[in-house]
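Spelled out from the first residue to the last, the chains are:
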Amino acid sequence: MTAAPTARPTLAHCGAIALGTPKLETSLTFFRDVLGMEEVERIGDTVYLRGYQELKHHSLVLFQNDEATVDSYSFRVSRPEDLDLFYDELSRQGVDVAELPAGHQAGRGAAVRFVVPHAGHAFELYYDIDAPEAPAEISSRLKSNSSRRRGLGVRRLDHYNIQAAAENVGQAEQWLQDTLGFKRREYVYVPDNDFLIASWTSVTSQVHDLAIAMSLTNEDAQLHHVAFNIENHSDLLVAADTLRDLDVTFHCGPGKHGIGQAMYLYLEEPGSGHRIELYSGSYHIFDPDWEALGWTPAEPDGMTWFGQELDVTQDGSMASSTNSVSSVKSLLGQQATGASV
């Protein structure tokens, strides 16, 4: 028998996002004491946190920085050998890729870092990561929990939503599919020319582990939001009530998306201004022959099934799909060539 070819490398799930904040202690208090994440480790001005159902070392890295920034979006690969296979593939494509030593992030093994072609976001891939036990005072009798539920009950990191310049979204999304194995689940497009506005993609059964959309300021390497999962819709309403009383700034919600069908609450993290989404519900995709569902900007049900809509803000965030087709076309202008669905 001939040897089977080496299987294509794959991603397992979102790993961790590393956020720079000018007010580290304010950000830490918000994520740890209000949202209820566990502070796993602190080294100088860098803090590692996880949700109460995350058994691995961390899913959030906070570090002191003069300005709010995103250092990296991490993904865990499916097998140890996938790290080398992705490195080889990225090198073959001419993508600049750096090898990071074990411990570059605390509790994590060796990783590779690169910038996503066409979009400009810094991704890191890794496999090895520690799974420390929580301190006895917050440990849970539920073996699938890393710790007891505290605060508003963030369970885990859910997904990233990133943005790129309008003319780059289609090419970047295609690269994410072809190289990293993301599958398009739902998308928004301009029907006149099949121009891609936004795409919800995943490597798991979720509707999206990674969404990518056009930036209305036409900039690459933008973060729209990072989402953290909470258990149910009632918890989201309790979170809204609690956060309102703490004077946390809401960007929109509570409401329900049409795309993904999750309940949402978008808010401004008080230490950095990063947009955070609290996310609950949604559906899972198990069909191997799933066909991506397309929406147009003229269909407002996509972004907002009910609830408050997300408006354009000064930080370059994407507006809801209630933007008219004409306004989208006006923004795109002649850029709507070469980046079709």
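So, how was this worked out
- All residue numbers here refer to positions counted from 1 along the written sequence of the relevant chain.
- Note on the predicted model: pLDDT of at least 70 is required for a residue's local features to be given, and 80 or more for side-chain atom pairs to be given and counted; whole-chain, interface and lining totals, by contrast, use all residues.
- Here the side-chain values reflect all heavy atoms present in the structure, with hydrogen atoms and water set aside.
- UniProt positions are given in the numbering used here, feature names are shortened, and annotations may be inferred rather than shown by experiment.
- Buried, partly exposed and exposed residues are distinguished by accessible area as a fraction of the type maximum, computed with a 1.4 Å probe on protein chains only: under 20%, between the cut-offs, and over 50%, respectively.
- Every helix listed is a DSSP run of H or I at least four residues long, and every strand listed is a run of E at least two residues long, numbered separately from the N terminus.
- In this analysis, strands are considered paired if DSSP registers two or more bridges between them.
- Here, nonpolar core means buried Ala, Val, Leu, Ile, Met, Phe, Trp, Tyr and Cys residues that are tied together by side-chain atoms lying within 4.5 Å of each other.
- Two residues form a contact once any of their heavy atoms are found within 4.5 Å.
- Lining residues are those with an atom within 4 Å of a point, where the points come from a 1 Å grid over the protein atoms alone and group into cavities, where a 1.4 Å probe fits but cannot get out, or pockets, open sets with protein on both sides within 12 Å along at least five of seven lines.
- Grid points are joined across faces, edges and corners, and a volume is the space filled by probe spheres set on the points.
- Throughout this entry, Asp, Glu, Lys and Arg are counted as charged residues, while Ala, Val, Leu, Ile, Met, Phe, Trp, Tyr, Cys and Pro are counted as nonpolar. The remaining residues, Gly among them, count as polar.
- Only Phe, Tyr and Trp rings are paired, with Trp represented by its six-membered ring, and only when their centres lie within 6.5 Å; those with planes under 30 degrees apart are stacked, over 60 edge-to-face, the remainder tilted.
- Consider the ring centre and the ring normal. A charge sits over the ring if Lys NZ or Arg CZ is within 6 Å of that centre and within 35 degrees of that normal.
- Definition used for salt bridges: Asp or Glu carboxyl oxygen within 4 Å of a side-chain nitrogen of Lys or Arg.
- N or O atoms within 3.5 Å of each other form a polar contact, as long as, within protein, one can give a hydrogen and the other can take it, and as long as residues adjacent in sequence are counted only when both atoms are side-chain atoms.

Per an unreviewed UniProt entry, the chain goes by the name Putative 3,4-dihydroxyphenylacetate 2,3-dioxygenase and belongs to Gordonia soli NBRC 108243. A UniProt comment under Subunit (unreviewed entry) is attached to the chain, and it reads "Homotetramer." One UniProt comment on the chain, placed under Sequence similarities (unreviewed entry), says "Belongs to the extradiol ring-cleavage dioxygenase family."

### Observations regarding the pairing of strand 12 (residues 210-214)
Of all five residues in strand 12, five are buried, a share of seventy percent or more. Pairing analysis gives four bridges linking strand 11 (residues 195-202) to strand 12, with the strands arranged antiparallel. Along strand 12, the bridge assignment pairs Trp200 with Ala211.

### Quick look at the nonpolar core
Grouped together as the largest cluster of nonpolar side chains are 76 residues, with contacts concentrated most on Phe31, Phe114, Phe123, Tyr160 and Leu243. Apart from the residues lying within four places of it in its own chain, the contact partners of Leu243 are Phe30, Val34, Leu152, Val248, Phe250, Leu265, Leu267 and Leu278. Counting five residues, the second-largest nonpolar core is a separate cluster that includes Ala18, Val61, Phe63 and Ala106.

### Things to note about empty space enclosed by the protein
Tallied over the entire structure, the rule returns three cavities of 30 Å³ or more. One number sums up the size of the second largest cavity: a volume of about 70 Å³. Lining the second largest cavity, in full, are His159, Asn161, Trp200, His208, His225, His257, Ile259, Tyr266, Glu277, Tyr279 and Met303. Among the secondary structure elements, those contributing two or more residues to the lining of the second largest cavity are strand 9 (156-164) and strand 16 (275-281). Residue classes in the lining of the second largest cavity are distributed as five nonpolar, five polar and one charged.

### Remarks on the packing of aromatic side chains
What the rule picks out here adds up to 12 aromatic pairs. Arranged with centres 5.4 Å apart and planes meeting at 90 degrees, the rings of Phe75 and Tyr160 form a pair that is edge-to-face. One end of the pair, Phe75, is in strand 5 (residues 69-77); the other, Tyr160, is in strand 9, with 85 residues separating them in the sequence. On the accessibility criterion, Phe75 (0% relative accessible area) is buried. Taken together, the ring pairs connect Tyr73, Phe75, Phe114, Phe123, Tyr160, Trp175 and Phe182 into an aromatic cluster. The ring of Tyr127 has Arg76 lying over it, and the distance from NZ or CZ to the ring centre is 4.4 Å. Directly above the aromatic system of Phe250 lies the positively charged group of Arg244, at a separation of 6.0 Å from the ring centroid.

### A short note on the pattern of salt bridges
Applying the stated criterion to the full structure yields 14 salt bridges. For the salt bridge of Glu25 with Arg42, the shortest nitrogen-to-oxygen distance reads 2.7 Å. A residue pair is termed long-range when its members are at least 10 positions apart, and Glu25 in helix 1 (residues 24-34) and Arg42 in strand 2 (residues 38-43) qualify at 17 residues. For Glu25, a relative accessible area of 43% gives the class partly exposed. Looking at Arg42, the relative accessible area reads 35%, which means it is partly exposed. Residue Glu38 is joined to Arg50 by a salt bridge in which the shortest nitrogen-to-oxygen separation is 2.9 Å. With Glu38 in strand 2 and Arg50 in strand 3 (residues 46-50), the pair connects residues that are 12 residues apart, well separated along the chain. The exposure classification of Glu38 matches that of Arg50, with both residues buried. Ionic contacts of the salt-bridge type, sharing partners, join the residues Asp71, Arg108, Arg113 and Glu124 into one network.

### A word on the side chain of Arg50
Given a relative accessible area of 1%, Arg50 falls into the buried group. For Arg50, the side chain forms a polar contact with the main-chain oxygen of Leu55, separated by 3.1 Å. Apart from the residues within four sequence positions on either side, Arg50 is in contact with Met37, Glu38, Val40, Leu55, Lys56, His57, His58, Ser59, Pro132, Glu133, Ala134 and Ser146.

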